[in-house]
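Listed below are the residues making up each chain.
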Amino acid sequence: MSRDARGVVAGDGVARGSLRYGDLSIVGCSRAGEETWFRVRPPGLALDVGRGPLALTGVSDVFLSHGHLDHTNGLPFLLSQRTFQGLGPCRILCPTAIAQPLAALLAAAEALEGATFEYRIVGLSPGDRVQLDKDFVLEAFATDHVVPSLGCHLFQQRRRLAAALRGASEEEVAALRRQGHEVSETMEELSVTYCGDSGRGVLTTEPRLFGARILLLECTFLGAETRGRGERYGHIHVEDLVEVKARFHNEVVILHHLSARHRPEELRGELERRAPQLAAKLVQLEETPWSA
Ligand SMILES: [Zn+2]
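Structural notes, computed from the coordinates.

## Some points on helix α3 (residues 96-113)
Piece 1. Look at α3: 26 Å from first C-alpha to last across 18 residues, which is about the 26 Å you get at 1.5 Å a residue.
Piece 2. Along α3, the residues classified as buried are Ile-98, Ala-99, Leu-102, Leu-106, Ala-109 and Glu-110.
Piece 3. Where the residues of α3 are buried, they touch α2 (75-84), β7 (90-95) and β8 (119-124).
Piece 4. One or two residues past the end of α3 sits Gly-114, with phi positive at roughly 65 degrees.

Now the structure itself:
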């Protein structure tokens, strides 16, 4: 699988990183307390919306991990842009606990704009599934933050010959199909896992994240002086990752949400020294021109 990760400055002047991995493209931008958003194609999904980058205007499905404004504040602006450009309805997937305040925020924005936005809020609980397009289904899971929060898995679905028919001839399969029998089955591959803001608890409660092809995981702190902050504020410290370094079976690990007090190179250097196998999978979208 080819991997091409780079930092770019887009047409709107916002520095961001991008990753191409096989058929998947991920563009994003993340700094603790400033903004976090990613766009994943396919299926065409926003993972949080930061302060509302134009790169997300064309996306009709939005997953919000929690209500903190560095992840959600751009939503009214994006819905406004979609309305003026006639881009059609937008589906917003979020923790059930924030559905009502989010609706109130959007209603206020509509009043300010004198416009009606086309959107639907879908509150999710851990385990809930939503079909995104014909190939991808999203499943929510619990994360470990200081406000109601969720992460999500993106499963890619493929049809294949039913296991019971393996070894059957083409003629036999065709005959069964003609008789109205189901000859195929759906298999799912965990393509992408996204943890928004989360403390180390998610590493225990959601072990499936270690098996995703591409894992987007926050890592906010490093260094002894910030060791206690992770638990206090519901964020991951690099020490938490070193402790479970053997469990990362992912092909790519995107660590995001680094505190502005740290440089991306410091995080990479720490992992290269103490968890080289994890460092080899590491992509940091913050390694872009604005932090160089
Ligand atoms: Zn947060």
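Having seen it, we continue.
## Describing the sheet that holds strand β12 (residues 184-194)
Piece 1. Strand order in the open sheet formed by seven strands is β9-β10-β11-β12-β13-β14-β15, with mixed pairing between adjacent strands. Either end of the sheet is taken by a strand with one partner, and the two such strands are β9 (129-131) and β15 (282-283).
Piece 2. Bridging between strand β13 (residues 214-218) and strand β14 (residues 252-256) involves five bridges; their strand directions are parallel. Following the sheet pairing, Leu-216 is matched in β14 by Ile-254.

## Concerning the pattern of salt bridges
Piece 1. One pass over the structure, following the stated rule, counts 21 salt bridges.
Piece 2. The residue Glu-182 makes a salt bridge to Arg-159 at a minimum N-O spacing of 3.2 Å. With Glu-182 in the loop between α4 (170-178) and β12 and Arg-159 in strand β11 (residues 150-161), the pair connects residues that are 23 residues apart, well separated along the chain. Of the two residues examined, Glu-182 and Arg-159, each falls in the exposed class.
Piece 3. Between Arg-166 and Glu-185 there is a salt bridge; the shortest N-O distance is 3.3 Å. Taken together, the residues Arg-166 in the loop between β11 and α4 and Glu-185 in strand β12 connect sequence positions 19 residues apart.
Piece 4. The class for Arg-166 is partly exposed, based on a relative accessible area of 49%.

## Some words on the coordination of the zinc ion
Piece 1. The protein atoms that coordinate the zinc ion are His-66 (NE2), His-68 (ND1), His-145 (NE2) and Asp-197 (OD), at distances spanning 2.2 to 2.3 Å.
Piece 2. If you look at the zinc ion, its four donor atoms make angles of 92 to 165 degrees with each other, and the shape they trace is irregular.
Piece 3. Counting along the primary sequence, the residues that act as donors to the zinc ion give the motif H-x1-H-x76-H-x51-D. Within this pair, whereas His-68 is found in the loop between β6 (61-63) and α1 (69-72), its partner Asp-197 is found in the loop between β12 and α5 (201-205), the two being separated by 129 residues in sequence.
Piece 4. You can call His-68 partly exposed: its relative accessible area is 28%.

## Concerning the layout of surface pockets
Piece 1. Volume-wise, the largest pocket comes out at about 160 Å³.
Piece 2. Considering the residues around the largest pocket, the lining is formed by 14 residues, among which Ala-32, Gly-33, Thr-220, Phe-221 and His-235 are closest to the centre.
Piece 3. Class assignment for the residues of the lining of the largest pocket results in three nonpolar, seven polar and four charged.

## Some points on the packing of aromatic side chains
Piece 1. Applying the stated criterion across every chain yields a total of three aromatic pairs.
Piece 2. Ring geometry for Phe-38 versus Tyr-194: centroids 5.9 Å apart, planes at 70 degrees, classification edge-to-face. A residue pair is termed long-range when its members are at least 10 positions apart, and Phe-38 in strand β4 (residues 35-41) and Tyr-194 in strand β12 qualify at 156 residues.
Piece 3. Plain terms: the ring middles of Phe-210 and Phe-248 are 5.1 Å apart, the flat faces sit at 75 degrees to each other, and that makes the pair edge-to-face. In this pair, Phe-210 is assigned in the loop between α5 and β13 and Phe-248 in the loop between α7 (238-243) and β14, connecting sequence segments 38 residues apart.

## Concerning the packing of α2 against α3
Piece 1. Running from N to C, α2 and α3 cross one another at 50 degrees; their axes reach a closest spacing of 10 Å. Between α2 and α3, the angle is such that the two are oblique. For the pair α2 and α3, the crossing hand works out as right-handed. Only Leu-102, Leu-105, Leu-106, Ala-109 and Glu-113 of α3 make contact with α2, whose side of the interface consists of Leu-75, Pro-76, Leu-79, Ser-80 and Phe-84.
Piece 2. Looking at the contact of α2 with α3 residue by residue, the class counts come to eight nonpolar, one polar and one charged.

About the criteria used
Every chain is numbered on its own, with residues counted from 1 as its sequence reads. For this predicted model, a pLDDT threshold of at least 70 governs which residues receive local features, and a threshold of 80 or more governs which side-chain atom pairs are given and counted, while totals over whole chains, interfaces and linings are taken from all residues. Computation of side-chain values: all heavy atoms of the structure, hydrogens and water removed. Strands here mean DSSP runs of E at least two residues long; helices mean DSSP runs of H or I at least four residues long; both are numbered from the N terminus. The length a helix should cover is 1.5 Å for every residue beyond the first. We call a residue buried when its accessible area falls under 20% of the maximum for its residue type, exposed when it is over 50%, and partly exposed in between, using a 1.4 Å probe and counting protein chains only. Every residue pair with non-hydrogen atoms within 4.5 Å of one another is taken to be in contact. By the convention used here, strands pair only if DSSP detects at least 2 bridges between them. Between Lys or Arg on one side and Asp or Glu on the other, a salt bridge is scored when a side-chain nitrogen of the former is within 4 Å of a carboxyl oxygen of the latter. The donor definition counts N, O and S atoms within 2.8 Å of each metal and applies 3.2 Å to Na, K and Ca; water is not among these atoms, so some sites may look incomplete. A four-donor site is classed as tetrahedral when every donor-metal-donor angle falls between 85 and 135 degrees; four donors are called square planar, and six octahedral, when trans pairs exceed 155 degrees and all remaining angles lie between 65 and 115, with any other arrangement labelled irregular. Residues are called lining when one of their atoms sits within 4 Å of a cavity or pocket point, these points coming from a 1 Å grid over the protein atoms alone, where a cavity is a set in which a 1.4 Å probe fits but cannot get out and a pocket is an open set with protein on both sides within 12 Å along at least five of seven lines. Grid points are joined across faces, edges and corners, and a volume is the space filled by probe spheres set on the points. Note that Gly is not counted as nonpolar here; it falls among the polar residues with everything else outside the nonpolar set of Ala, Val, Leu, Ile, Met, Phe, Trp, Tyr, Cys and Pro and the charged set of Asp, Glu, Lys and Arg. Note on aromatic contacts: the rings of Phe and Tyr and the six-membered ring of Trp form a pair at centre separations within 6.5 Å, being stacked when their planes are under 30 degrees apart, edge-to-face when over 60 apart, and tilted otherwise. The axes used here are C-alpha line fits, helices contributing only the stretch in contact, and every angle between their N-to-C directions lies in the interval 0 to 180 degrees. To sort the angles, those under 35 degrees are grouped as roughly parallel, those over 145 as roughly antiparallel, those from 65 to 115 as roughly perpendicular, and the leftovers as oblique. The handedness criterion is simple: a crossing whose near helix is rotated anticlockwise from the far helix by less than a right angle is left-handed, and one whose near helix is rotated clockwise is right-handed.

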